[in-house]
Amino acid sequence: MMSIFRVEVLAAMVTILHLAICPYTKVEESFNIQAMHDILYHGLDIKSYDHLVFPGVVPRTFLGPIVVSATVAPLVYITKLLQISKFFTQFIVRSCLGAIVLLGVSSFADGVHKRFGSSVKNWLYLTMVTQFHFMFYITRPLPNVFALSLVLMALGAWLKQQHGRFIWYSAAAILIFRAELAMYLGLVLLMELVAGRMSLFTLFKHAIPAGVLSVGLTVLVDSFFWQRWLWPEGEVLWYNVILNKSSNWGTEPFLWYFYSALPRALAFSIFLVPLGLYFTPRLRPLILPAAGFVLLYSILPHKELRFIIYVFPVFNVAVATALSRLWMNSSKSTIQKLIAFGAILHLLANVASTAAFLYISRHNYPGGVAMRYFHQITPFYNKEHIHIDVATAQTGVTRFTQLNNNWIYNKTEKLLPGGPEMMSYTHLFVGASSVNDEALRPYKKTHSVELEIHGFDSVSLDKKSSAPVSLKMSPKIYILKKKLK
């Protein structure tokens, strides 16, 4: 078995690998990635911040971006002095976020070590790094990911029966980042109270100051950055749960998390979860709140895999206990050795599926690719005025990708296609599926196509081909250049 040190280093290496292969971000990450850019490059010049220049986003807290930006500020200062590409700073801030989540993983794994032993902890790491979704997401600046580290620290404190820390971490995760976590961490809290492991005195002793401090901190800090009084997570809760506006982004069946999200996240390891629960009944109090949270969260019709990312490491503990038991029993007979070998071999199947997911994901950011190519082919000294449409902004463009301070980058929405404002730009980034797409028609006579950027469309199967499985790519973004009169 690998040493504890080496499995943690392996987790860090896999995190960086995912980030290096897929360095761009998508629309869900837009607010936090722009906030980190603006904190690092605009400081207290709040009026230049992206969320005020291009308003309309649902308010989110600045506390997560502030922590990451403050951590990397000295390194970013050095990159400025050395005139290193600003896009490298995006890699730095995302690496820092990944490191913060891995600290949470380490805290949770320490709790697993205390409760189930060092072997289970090591198998937990080895299982986790072979799966795609958890390792892919932990560098992505989503509100869920900022909350993830706190949740894992809370669960680690719970496993070590450190109830005070559990309450403080939980309060910060719920009141600052993701209010729906009250369902998950509340179930853990309720279980501790019912079992008599936590008293009501301990609960109120920590919950009241933790709640007041968490809400007070986010209200004071975020009211300054948003330039109005607000509690961001309160507004998000009202928007998503009370008004149920999240349904505007699509809905899924009630059991979707169980038959789609969890199997994809755990990959082939999901088949070992029941075995782990059978081998180790002590796991059930750990798994029960996680399963309960997923069940309760299934009530909301809008569903995304990232919404339940907090439970992936928890279910992987069941996988790790199964692998640990099978490994320890492998010396008892040839049959048990073969069973253990087959179980461990599933990690290679996980790696294969992860490689496929990574390959597809790499081709899923045409906006970021378009911006990179545009900077490569356009002379730096030109005076360009660029309009970035919604499709481009949602698939990889951030302020970190806007590398030329002498150019103007604009992503104002709902401008009239072909209207005077659109005609004032030297270049247009337009999402379209072909040169005959309706979105390009207003510019047929006035603009020329400078670049056509392709992205992932679907997976194609051809049994007669030497490569029976291949990616189908199609046009996603067109860069149009205004013709000279």
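Everything that follows concerns the structure shown earlier in this document.
Residues numbered from 1 in each chain as written. Predicted model: local features only at pLDDT ≥ 70, side-chain atom pairs only at ≥ 80, totals over all residues. Heavy atoms only, no water.

1. Some thoughts on the overall build of the chain
In terms of regular secondary structure, the chain is built from 20 helices and five strands. The C-alpha radius of gyration of the chain comes to 24 Å, within 12% of the 23 Å expected for a compact globule of 485 residues. With respect to the three principal axes, the spread of C-alpha positions in the chain is 80 × 65 × 45 Å. Expressed as a percentage of the 485 residues in the chain, the buried residues total 52%. Sequence-distant contacts, at least 24 apart, represent 77% of the contacts inside the chain between residues at least 6 apart. Computing the positive centroid from 43 side-chain charges and the negative centroid from 24, the chain places the two 8 Å apart. (Helix = DSSP H or I, 4+ residues; strand = E, 2+ residues; numbered from the N terminus. Rg over C-alpha atoms; globule rule 2.2 N^0.38 Å. Buried < 20%, exposed > 50% of the residue type's maximum accessible area, 1.4 Å probe, protein only. Contact = heavy atoms within 4.5 Å. Lys, Arg positive; Asp, Glu negative; His and termini not counted. Charge placed at Lys NZ, Arg CZ, Asp CG, Glu CD.)

2. Points about unusual backbone geometry
With a phi angle near 55°, Q83 is a residue other than glycine that sits in the positive phi range. When you line up the elements, Q83 lands in the loop between α4 (63–81) and α5 (86–116). The residue K414 is not glycine, and still its phi comes out positive at about 60°. Relative to the assigned elements, K414 resides in the loop between β2 (408–410) and α20 (420–423).

3. Some thoughts on the pairing of strand β3 (residues 427–431)
In terms of burial, β3 is a largely internal element, four of the five residues being buried. Across three bridges, the pairing between strand β1 (residues 385–388) and β3 is parallel. In the sheet register, I386 faces β3, and the bridge partner there is H427. (Pairing = 2+ DSSP bridges.)

4. Things to note about the sheet that holds β3
Pairing within the open sheet is mixed, and its five strands lie in the order β2-β1-β3-β5-β4. Two strands close off the open sheet at either side, each with one partner strand: β2 and β4 (447–461). Mean inter-strand twist for the sheet, computed between neighbouring axes without regard to direction, equals 20°. Across 13 bridges, β4 lies against strand β5 (residues 469–482) in antiparallel orientation. Counted as the bridge partner of V459 is L471 from β5. Along the sheet, helix α18 (residues 366–377) makes contact with β1, β2, β3, β4 and β5, crossing β4 at roughly 145°. (Axes fitted to C-alpha atoms, helices over the stretch in contact; angles between N-to-C directions.)

5. Observations concerning the nonpolar core
The biggest cluster of nonpolar side chains holds 129 residues, and the ones touching the most others in it are F134, F166, Y184, I308 and V311. When residues in this core are grouped by element, the largest group, 12 residues, is from helix α8 (residues 143–159). Residues within four places of F166 in sequence aside, it is in contact with A154, A157, W158, L185, V188, L189 and M198. By size, the runner-up hydrophobic cluster in this structure holds 11 residues, among which are M423, Y443, Y478 and L480. (Core = buried A, V, L, I, M, F, W, Y, C linked by side-chain atoms within 4.5 Å.)

6. A look at the packing of helix α6 (residues 118–130) against helix α16 (residues 312–329)
One can describe the packing of α6 onto α16 by two numbers: an axis separation of 8 Å at closest approach and a directional angle of 120°. Regarding α6 and α16, the two cross each other, and that crossing is right-handed. Residue-level contacts link S119, V120, W123, L124, T127 and M128 of α6 to P313, N316, V317, V319, A320, T321, L323, S324 and W327 of α16. (Left-handed = near helix turned anticlockwise from the far one by under 90°.)

7. Here's the deal with the packing of α5 against α16
Remark: α5 packs on α16, axes separated minimally by 12 Å, with the N-to-C direction vectors making an angle of 30°. Regarding the angle of α5 to α16, the classification is roughly parallel. Of the two possible hands of crossing, α5 and α16 adopt the one that is right-handed. On the side of α5, the interface is formed by F108, V112 and F116, while α16 contributes P313, V314 and V317. (Parallel < 35°, antiparallel > 145°, perpendicular 65-115°, else oblique.)

8. Structural notes on the pairing of β5
Pairing of β3 with β5 involves five bridges; the strand directions are antiparallel. Paired with L428 across the two strands is L480, which belongs to β5.

9. Observations concerning a nonpolar patch on the surface
Together, L75, Y77, I78, L81, L82, I84 and F88 line one region of the surface with nonpolar side chains, adding up to about 710 Å² of accessible area. For the nonpolar patch, the element with the highest residue contribution is α4, accounting for four residues. Following the sequence through the fold, I78 ends up in helix α4. (Patch = residues over 30% accessible without salt bridge, like charges linked within 9 Å, V, L, I, M, F, W, Y side chains within 5 Å. Areas by Shrake-Rupley, 256 points an atom, 1.4 Å probe, with all protein chains shown as cover. Salt bridge = Lys/Arg side-chain N within 4 Å of Asp/Glu carboxyl O.)

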